[in-house]
Structure formats: C-alpha cells, structure tokens
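The residues making up each chain are set out below.
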Amino acid sequence: MTTSEFILQHRLSNPRDLALQARRYPDVDMPYALNQIQGWQTARQKLPSWAACDGVVYPPHLNMEQCSSEPTARYKQQVVRRWLARLGAGQGGAATSMADLTGGFGVDFSFTSRCFASATYVERNAALCDVVRGNLPCLGIANAQVMCAEAEDCLATMPQQTMLFLDPARRDEHGAKTVLIADCTPDVCHLLPLLMSKARFVMLKLSPMLDWHKAIVDLQGTVREVHIVSVGGECKELLLVLAALDGAASSADTGSNGVEAGVRVCCVDIMAKADAEGEYKRSEFCYTIGDASENTPTPSTLNPQPSTLKSQFLLEPNASIMKAGCFAELGKAYGIRAISSNSHLFLSADRVEGFPGREFVVEAVTTLNKRQLKETLGSLQQANISVRNFPMSVAELRKRLKLRDGGDTYIFATTTREGERVLIVGHKV
C-alpha cells in the first residue's frame, strides 16, 4: 500500500490509533500520512471546500490551527469585491492585481485572489511555499504566482498593486504573543508609507485582542474601515482596510476616488456552518465613528434612560459588538434601553427583529435576598449563569445559588443604574 492510498483509506480513522499500527505498513511514510489525515479532518470542519478537493496537501498542525477558517476567508472575499466596485477597479479593461505579503497556508489568498486578474503569494517559509504552489491548481486557481521572500524585501521592488494583504505574525522572537500593531512582524507602521504608495487599498488581518482605537491612531489616518469578525459567537479576527483619503470628502459624503471619509465599523457574527446552499449567513451591525483624520477616536459611551426591569425581553449583544463597545449606537439603532451604562445588557418590551446577539424572555427578577431567591428559583437545579457589572464571579455565584451548569434557564447577574444588584431569570427565544 502506498502512502497516498493509506491516506485515502484511513482519513476517517483516529490518527493516534493509526500511529500504533505503523509497523503493519512499512511502505507508508507514516509521519507524513498522519499529518495529512489530521489536516484533512481539521479541514472538514474549518475549510470544507478545501477538504472536498482531491490532492490538497496540508501543512503541520500548528499552521492548520492558525490559518483562517472558511467563513472568515469568504467574508474577506466579499469585502474585497465591494472595495473593487467602490474604487471602480478593473473598469474599462484595466487589469487588477493583488499581493499577499504574509501568505502562510494560503487560505485567505485562495479566496481573495479570485477577485483579481493576477495575484502574488509571498511567504518566507520555503516549505509552505512548496505546499501552496502544489495546492493552487487543485483549488482551481490559475492566476497566481508564488514567491519565497521576506515581505519587506518583496514590497520594495513590487510593482503597483490594486490591493495588498498582510496578516502580521503576532508573536515575538521568544514566542510570546504581542497585542500592539507595532510589535507584529512585519512592522506595518514602519512600512506604512511604502504600503500606501504601492496599492490602492490595503487589508490588514489582526488579532481580536488588539486595541483597534489605538490601531487607527498608529496607522496615521489611513484606516477607512474596521471589521470585527466573530464566528459562532466567538470573536476571531480584526480586519482593517486602509486607503488614501480624498481631502474634499467629508464623513457624510464620498470622495471622487470612492473612499468614504468616515471610519466605518462593521460588527459581524458569521454562522459557523454553511446552509444548504453553501452560504454562511451572518448578522451585521455597522456605524461610522467619525472622520478618520481625528487624532483619537473615542469609544462610545452610554447615557441610558432610567432603567426598568418590567420589560419582557433581555438582549445580549454578540461578541463583535462587545469588542467594538458601540452600545450607544446599538441602543439608538434598535430603540432599546440599557440596564445600566456598564451592564452591556438591554431591555425591550417587544421582540427586536434582526438584533445582533441573543434574545431572552424575562420570566423573573430577584435580588440576592434569601427569601426572594427561594421564591424565584424554587426547585431549580441548574442554569446558565453570566455576570455583567456584578461583584461576584460566575463560580462564586453558582456556589451561592447551589446550581449546576447547563439546562434551558439563563440567569444574568448585573447592577441596575440605581445601583441595585439583581438576577434576571429567563429563557432563550
């Protein structure tokens, strides 16, 4: 049995079990085979369209863990297409081109490159370059070239591009995670003038841990859009779109080059699984934080109306909105009231159509008074507990309430605007 035959025959098997059977297959390159089986199994969940392609070679496990998922890669593709249309790129027969200066396993490149007439993949790891060079034909990509080089060196000699894409490494030379954009590799802040001179627009993929308000300042007024992307309720990545600003534009209009002057923030939550048509549905909430030339973008603050807990529905914003901190904009857009300025929970007398987050039917509200707790919780044995602006941790509150985790009941512990600590009990809509 050849290695390829072994991989195909056993790709649904447990790699750990297969490793114990290595002596039975002397002609099989077992380390390679196990890596390919494990990679394919990961791709089935993370990159289903790749897993469906025969001949795709998968990199070591770490690269598979760090690469983009299909939902986020497809979202980038949609953002790219919208920017190409906004800039009128490709009109009149003009050729479009892109370069990914930090190619990695090539997942983002495989989706974004399809939007351009020509594309260049740049990666300093020679082994990854070989993998991607072999995978591109399997994925039906014929407009790309692969370059093994440092991003900085390649950028210096690269011809003008329609778009440049970078996903800077977020670990230092000691392997520690970095959270400042200037500490990533390559240093985008240092390269900024060259990047802006080489492309009509630049897309940066960054850690969701990064302070995006500071990133706007660090990138010296070049940021046009901020995309905070979650998948299945978990914040996964931060995308920044950089482009030159037409001085004649204002935050309320559009310049002659099609670039809006205001910084647009899009909070996106994508379904982890595709629907029957292969589409990844998503919720999206967008707002403008003002002119990108302002020195310090100020995070949103709430000035809530007097709170009342007599409403029927409690609303919890999704992870992207929590990261954005756009609670004032959210309340205004949907006409909902915040429980307090630091609770990040909202109330509504009616269902809120299209709300970007979770919605719960409020069934009871109680303080921590023993008698009230007993009357409200009764014989309840388990519940899902969350704390927001509350002096106890989930573990501490769970111990006090003597409730197991799980079930259909949800308890939100929070503090009202009047300073009253309450437990809001309900069920998910």
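Keep in mind the model is a prediction, meaning the values are calculated, not measured. (Residues numbered from 1 in each chain as written. Predicted model: local features only at pLDDT ≥ 70, side-chain atom pairs only at ≥ 80, totals over all residues. Heavy atoms only, no water.)

**Details of the side chain of Thr3**
So, step 1. If you trace the backbone, Thr3 turns up in helix 1 (residues 3-10).
So, step 2. At 3.0 Å, the side chain of Thr3 forms a polar contact with the backbone nitrogen of Asp29.
So, step 3. Once you skip the residues sitting within four places of it in the chain, Thr3 turns out to touch Asp27, Val28, Asp29, Tyr32 and Ala33. (Helix = DSSP H or I, 4+ residues; strand = E, 2+ residues; numbered from the N terminus. Polar contact = N/O pair within 3.5 Å; in protein donor to acceptor, adjacent residues only side chain to side chain. Contact = heavy atoms within 4.5 Å.)

**Observations regarding the pairing of strand 14 (residues 382-388)**
So, step 1. Burial within strand 14 is extensive, with five of its seven residues counted as buried.
So, step 2. One ladder, built from seven bridges, connects strand 14 with strand 15 (residues 404-415); its direction is parallel. Within strand 15, the residue paired with Ile385 across the bridge is Ile411. (Buried < 20%, exposed > 50% of the residue type's maximum accessible area, 1.4 Å probe, protein only. Pairing = 2+ DSSP bridges.)

**Observations regarding the layout of surface pockets**
So, step 1. Of the volumes computed, that of the second largest pocket is approximately 290 Å³.
So, step 2. For the second largest pocket, the lining is made up of 13 residues, of which Ile7, Arg11, Gln36, Gly55 and Val56 are closest to its centre.
So, step 3. Every element with two or more residues in the lining of the second largest pocket is listed here: helix 1 and helix 3 (30-46).
So, step 4. Residue classes in the lining of the second largest pocket are distributed as eight nonpolar, three polar and two charged. (1 Å grid on protein atoms, 1.4 Å probe; cavity = no way out; pocket = protein on both sides within 12 Å on 5 of 7 lines; lining within 4 Å. Points joined across faces, edges and corners; volume = space filled by probe spheres on them. Nonpolar A, V, L, I, M, F, W, Y, C, P; charged D, E, K, R; others polar.)

**Looking at the environment of Asp54**
So, step 1. Relative to the assigned elements, Asp54 resides in the loop between helix 4 (48-51) and helix 5 (61-66).
So, step 2. The exposure class assigned to Asp54 is exposed, which follows from its relative accessible area of 64%.
So, step 3. Sequence separation of Asp54 and Leu139 is 85 residues, and the distance between their C-alpha atoms is 8.8 Å.

**So, unusual backbone geometry**
So, step 1. Pro186 follows Thr185 through a cis peptide bond whose omega is 0°.
So, step 2. Tracing the backbone shows Pro186 in the loop between strand 4 (161-166) and helix 10 (188-198).
So, step 3. For Gln220, which is not glycine, the phi dihedral falls at a positive 55°.
So, step 4. Position of Gln220 among the secondary structure elements: in the loop between helix 11 (212-218) and strand 6 (223-231).
So, step 5. The exposed category is assigned to Gln220, whose relative accessible area is 59%.
So, step 6. Within the chain, Asn389 stands out as a residue other than glycine whose phi angle is a positive 55°.
So, step 7. Here Asn389 is to be found in the loop between strand 14 and helix 15 (394-401).
So, step 8. Classification of Asn389 by relative accessible area gives partly exposed; the value is 37%.

**Some details on helix 6 (residues 70-87)**
So, step 1. With 18 residues, helix 6 extends 26 Å from end C-alpha to end C-alpha; this agrees with the ideal 26 Å at 1.5 Å per step.
So, step 2. If you check which residues of helix 6 are buried, you get Glu70, Pro71, Thr72, Ala73, Tyr75, Lys76, Gln77, Val79, Val80, Trp83, Leu84 and Leu87. (Expected span 1.5 Å × (residues − 1).)

**Describing the nonpolar core**
So, step 1. One finds Phe105 and Phe201 to be the most contacted residues of the largest nonpolar core, which totals 47 residues.
So, step 2. Per element, the largest residue contribution to this core is seven residues, and it comes from helix 6.
So, step 3. Among residues more than four places away in sequence, those in contact with Phe105 are Leu47, Trp50, Val57, Tyr58, Pro59, Met64, Cys67, Leu128, Val131, Val132 and Asn135.
So, step 4. Counting residues in hydrophobic clusters, the runner-up holds 46 residues, among them Cys189, Leu195, Leu210 and Ile321. (Core = buried A, V, L, I, M, F, W, Y, C linked by side-chain atoms within 4.5 Å.)

**Some thoughts on the sheet that holds strand 15**
Think of a sheet as strands paired side by side through backbone hydrogen bonds, with each pair either parallel or antiparallel.
So, step 1. Taken in spatial order, the seven strands line up as 11-12-10-13-16-15-14 in an open sheet, and their pairing is mixed. Only two strands of the sheet have a single neighbouring strand rather than two, namely strand 11 (337-338) and strand 14.
So, step 2. Helix 14 (residues 370-377) rests against strand 13 (357-366), strand 15 and strand 16 (421-428) of the sheet, and its axis sits at about 120° to strand 13. (Axes fitted to C-alpha atoms, helices over the stretch in contact; angles between N-to-C directions.)

From the geometry alone we can't say anything about function, so treat these as descriptive.
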